[in-house]
Amino acid sequence: MTLLRAFRAERLKLRRSYTASAIVAGGLFVPAIMLAVRLHQNEKTAAMIRAGNYWMEHWKESWESISILILPLLTILVTTLIVQIEHRNNTWKQLHASPLSLPVIYLAKLAVLLVALAEIFVVISAGLFLAGWIPMRGGWNPFPAAELLLWNARFFLDMLPVVGIQYLLALTFRNFLAPMGAGVAGWILGLVVINSRYVIAVPYAYAGVDYLIRIGHRSGASLPDVGMLSAATFLLSVAAGFSMYALARDRGMAQ
Amino acid sequence: MLAPDLLIRRVLPRFSSVDAIETKGLTHRFSGETAVRDVALRVPAGAIYGFLGPNGAGKTTTLRLVLGLLRLQHGEVTVLGRSPARERLDILRRVGSSIESPSLYGDLTARENLEVWRLSFGCPVRRIAEVLRIVGLAGTGAKRARQFSMGMKQRLAIAVALLHEPELLVLDEPTNGLDPHGILEVRDLLLGLNREHGITIVVSSHVLSEVERLVTHVGIISRGELRFQGPLPELLLRQARPGVAIRTSDDRRGQMLLGCELTGSRLLVPSRSPAETAEAVRRLVMAGLDVHEVVAESRDLERVFLDLVEAGS
């Protein structure tokens, strides 16, 4: 009950913040480009529809830039923005002077971050649906909802470590640029090593490498299961983040 | 105005013998530098306690330690009879606070800010309208907190602290940035809360004159050490004490000779008659000291405060 109330309070703090704008703008970026591509390449679009596997092909094509570029960057940005609300408003001390235990505060914020990640997926999926549906012009392929839901769920799992690590970084640094910069540096490193076996050390690239394996552009033989790796890294980062948070000497969070 | 000793007899009996806040041997260091040293705070239940000291004296550090916002390094803290180390959440349910600058979400309205804290404290929705009325912010509508004047922000911070009907209110510099009218408003508000609702209030400030008409008890801290603590009338008694201020060629030696206070470059010599003053001067001169100046000491409350702050510096 207390956790639910804390969660509602955390969600209320996002009102009129840049978070919603970032989710909508970032989430619709690739779908908008894909819509333009489908309309421009109408011959190819018609051929895809005739082939009968239009939606899956549309999804796979769109997710190349989403999994490698947009999703990690947007997750880094949104997670950092949400946690920075307390630093920016100097409200950590007030939050810690309220009768909420540290696990409740930590978990309520984590729940808000996960809901924001889910919202990113909803916006991307809705955008991709429209970007695929608008150019169909009378032709129709059945929409494989269950299959695409599983596809999304897998990438959601791949993004969890990014949420966990960015949460830890954003709690640690008061300055917005520090966690943001560290996240972008991690993402760039991920791009560099995405085709090597060392990619397992860079969680920012998990969604990208998972995508490449799924479409057959990269072998996953030398790697452990990316989904399992993501889940383990997420749990580890959340545990590390909470330890660091709970052991902070200054509950005004003045770093 | 009543004489200070009469004030002591009339005012003090209404306070409980139980302390709302008690600290023992409170010492805290930041990077090897001592911020507070051996502070023994005693805030009687029912009091309005003025915690005074210049900027950087250790007021905020002490209050943060009391509220558990800083990890205790040395000493003991008891709040409302309980230990924050063991019963922190129970204490925080009964304490309202505002530490340093007002903690508000700038993108939210006054009502939304209060809703955030209402959810955290789990108090009824009606409290939002009640505290907004108490602090005079009921008409702020859709205006965001970042657009508020400093006075409005301070009042909203007090509303947040009052939301869950606390028994103890800890306000760190609540009159910071307020104009004289705003200071009067906050003073009247706090007096009303103390008298009508029996709330114990700790209010810190670096300006004595801002709180002297508000507080019943005073603690004066300087360089991390508590210089004075007690009922305001006791401080007034110091003011009333007659004496002279003497400047000499060797104040340290003069202090040893007369066994009096030394503040800055002045010996404060208790003296009830011209004969006592003459005797003090005679002893200094006989000891070979030059006496440069002898002035009648008429310390106002601000002077008493400054002397306490400067003592030992």
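Residues numbered from 1 in each chain as written. Chains lettered and ligands numbered in written order. Predicted model: local features only at pLDDT ≥ 70, side-chain atom pairs only at ≥ 80, totals over all residues. Heavy atoms only, no water.

### Regarding the pairing of strand β7 (residues 168-172) of chain B
One face of the sheet, then the other: side chains in a regular strand alternate in exactly this way.
Residue and element names in this part refer to chain B.
Point 1. Most of β7 is tucked away, with 5 of its 5 residues classed as buried.
Point 2. By the alternation rule, side chains of β7 split into Leu168, Val170 and Asp172 and Leu169 and Leu171, which are all buried.
Point 3. For strand β6 (residues 95-98) and β7, the ladder comprises 4 bridges, and the chain directions are parallel. Within β7, the residue paired with Gly96 across the bridge is Leu169.
Point 4. Note that β7 and strand β8 (residues 200-205) share 5 bridges and pair parallel. Note that in β8 the partner of Asp172 across the bridge is Ser204. (Buried < 20%, exposed > 50% of the residue type's maximum accessible area, 1.4 Å probe, protein only. Helix = DSSP H or I, 4+ residues; strand = E, 2+ residues; numbered from the N terminus. Pairing = 2+ DSSP bridges.)

### Thoughts on the packing of aromatic side chains
Point 1. Taken as a whole, this structure holds 18 aromatic pairs over all chains when the rule is applied.
Point 2. A ring pair is formed by Tyr54 of chain A and Trp55 of chain A, whose centres lie 5.4 Å apart and whose planes are at 65°; its orientation type is edge-to-face. Grouping residues by exposure puts Tyr54 of chain A and Trp55 of chain A together as buried.
Point 3. With a centroid separation of 6.0 Å and 25° between ring planes, the pair formed by Tyr105 of chain B and Trp117 of chain B is classed as stacked. In this pair, Tyr105 of chain B is assigned in the loop between β6 and α4 (110-121) and Trp117 of chain B in helix α4, connecting sequence segments 12 residues apart. (Phe/Tyr/Trp six-rings, centres within 6.5 Å; stacked < 30°, edge-to-face > 60°.)

### Some thoughts on the interface of chain A and chain B
Point 1. On the side of chain B, 32 residues touch chain A, which itself brings 30 residues to the contact.
Point 2. Taking both sides of the interface into account, the surface hidden between chain A and chain B amounts to around 2900 Å²; carbon and sulfur atoms contribute 54%.
Point 3. Summed over the three residues of chain A that lose the most area to chain B, namely Arg16, Gln94 and Pro99 of chain A, the buried surface amounts to 25% of that side.
Point 4. Taken together, chain A and chain B are joined by 3 salt bridges.
Point 5. Between Glu112 of chain B and Arg15 of chain A there is a salt bridge, with its nearest N and O atoms 2.9 Å apart.
Point 6. Taken together, the connections running from chain A to chain B amount to 15 residue pairs in polar contact (both at pLDDT 80 or more).
Point 7. Residue assignment for the side of chain A that touches chain B shows that the elements contributing at least two residues are α1 (2-12), α4 (54-89) and α5 (92-96) of chain A. (Contact = heavy atoms within 4.5 Å. Buried area = accessible area lost by both parts, 1.4 Å probe. Salt bridge = Lys/Arg side-chain N within 4 Å of Asp/Glu carboxyl O. Polar contact = N/O pair within 3.5 Å; in protein donor to acceptor, adjacent residues only side chain to side chain.)

### Some words on the domain arrangement of chain B
Interface size is commonly expressed as the accessible area that is lost once the parts come together.
Point 1. Here chain B is described as being made up of domain 1 (4-237) and domain 2 (242-296).
Point 2. A separation of 41 Å is found between the C-alpha centroids of domain 1 of chain B and domain 2 of chain B. (Domains from an automatic or database assignment.)

### Focus on the nonpolar core
Point 1. Core analysis: the biggest nonpolar cluster contains 126 residues, and Trp63 of chain A together with Leu114, Leu169, Ile220 and Leu235 of chain B have the highest contact counts within it.
Point 2. It is helix α6 (residues 102-133) of chain A that contributes the most residues to this core, 16 residues altogether.
Point 3. Here Leu235 of chain B is in contact with Val218, Ile220, Phe228, Leu301, Val304 and Leu308 of chain B, once residues within four sequence places are set aside.
Point 4. Residues Phe51, Val66, Ile91 and Ile221 of chain B belong to the second largest nonpolar core, which totals 26 residues. (Core = buried A, V, L, I, M, F, W, Y, C linked by side-chain atoms within 4.5 Å.)

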